[in-house]
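# Structure assessment
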Amino acid sequence: MNIVEYPRKILRQKTKKVTNIAHSDFQLFLKEMTEIMLKEDGIGLAATQVNSNLRVTVIKMKDGAEVMINPKICWKALIKKNIVDEGCLSFPGIFGLVKRPFWIIVKYQDKTGQLKKIKAEGLLSTVIQHELDHLKGVLFIDKIFKYTKGEKKAKELMGIASLGER
Ligand code: CO
């Protein structure tokens with residue numbers, strides 16, 4: 001398993017709902033995704049970033065990595081926003097400011113298939129929103145309002161992507 005970098009086309013794909021959570025191949029996939037995220041020192045990783053179109057993300061939480069299967073944001077704060085200098089393992093060397101709702105409620109299935117609902121705030125909320133965007137083919141470069149690092153490289157990559165060669 002490897003992390004794919006932009007402008008690989010999988011990063012723009014919408015993902016498919018996972019229906020067979022208990023399957024041993026899928027459980028192995030979750031284990032590998034978690035390992036690669038921790039190894040690469042990420043705080044979140046979406047399945048599209050490892051070349052899969054399954055609706056799955058792994059999020060680093062205080063007490064370890066949490067797998068979110070078929071996640072959905074069911075509420076977001078309209079009042080307070082959070083601005084974070086975001087990066088992405090699929091965009092090495094590129095960072096920029098993104099504004100997102102400060103609080104969200106997300107529901108998902110954990111790796112045992114159990115339905116969970118959590119409220120997240122601040123950085124965790126941003127990470128979850130960044131990863132859930134990935135699962136819809138939306139990337140943080142679509143939302144950066146000010147680059148803090150790698151603006152030139154980002155614009156070159158966007159130019160290559162617009163040619164549709166990959
Ligand atoms: Co990302």
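Below is a summary of the structure that appears in this document. Remember, it's a predicted structure, so these values are computed and weren't measured experimentally. (Residues numbered from 1 in each chain as written. Predicted model: local features only at pLDDT ≥ 70, side-chain atom pairs only at ≥ 80, totals over all residues. Heavy atoms only, no water.)

### Focus: the overall build of the protein chain
Stated precisely, the cut-off is as follows: Note on conventions: DSSP H or I runs of at least 4 residues are helices, E runs of at least 2 residues are strands, and numbering of each starts at the N terminus. As a reference, a globule follows 2.2 Å times the number of residues to the power 0.38, and the radius of gyration itself is taken over C-alpha atoms. The contact criterion used throughout is that any non-hydrogen atoms of two residues lie within 4.5 Å. Accessible areas in this description were obtained via Shrake-Rupley with a 1.4 Å probe; residue shielding takes into account the shown protein chains only.
What the protein chain contains, in helices and strands, is 3 helices and 8 strands. Each helix and strand of the protein chain, ordered N terminal to C terminal, gives the series α-β-β-β-β-β-β-β-α-β-α. Computed over the C-alpha atoms, the radius of gyration of the protein chain is 15 Å, within 12% of the 15 Å expected from 2.2 N^0.38 for a compact globule of 166 residues. Its C-alpha atoms give the protein chain principal-axis dimensions of roughly 45 × 40 × 25 Å. For the protein chain, the share of sequence-separated contacts (at least 6 apart) that also reach a separation of at least 24 residues comes to 66%. As displayed, the protein chain has an accessible area near 9100 Å², and 52% of this comes from carbon and sulfur atoms.

### Quick look at the sheet that holds strand S3 (residues 64-76)
What counts is decided by this rule: Strand pairing follows a simple DSSP-based rule, namely that at least 2 bridges must link the two strands. Lines fitted to C-alpha atoms define the axes, with helix axes restricted to the stretch in contact, and inter-axis angles between N-to-C directions lie between 0 and 180 degrees.
Across the sheet, which stays open at both edges, the 5 strands sit in the order S1-S2-S3-S6-S7 with antiparallel pairing between neighbours. Looking at strand neighbours, the two that pair on one side only are strand S1 (44-46) and strand S7 (115-121), the edges of this open sheet. The average angle at which neighbouring strand axes cross in this sheet is 40°, direction not considered. Direction of pairing for S3 relative to strand S6 (residues 103-109): antiparallel, over a ladder of 5 bridges. In the strand pairing of S6, Ile69 is matched with Gln109. Across the sheet, helix H1 (residues 24-39) is in contact with S1, strand S2 (56-61) and S3; its angle to S2 comes to roughly 45°.

### Details of the coordination of the cobalt ion
A metal bound by six donors in octahedral fashion has ideal angles of 90 or 180 degrees, whereas one bound by four tetrahedral donors has an ideal angle of 109.5 degrees. To keep things clear, this is the line we draw: Here a donor is an N, O or S atom found within 2.8 Å of the metal, or within 3.2 Å if the metal is Na, K or Ca; sites may look incomplete because water is not among the atoms.
Surrounding the cobalt ion are the protein donor atoms Cys88 (SG), His130 (NE2) and His134 (NE2), at 2.0 to 2.2 Å. On the primary sequence, the residues serving as donors to the cobalt ion are separated as C-x41-H-x3-H. One end of the pair is His130 and the other is His134, both in helix H2 (residues 122-134) and 4 residues apart, which spans about a single turn.

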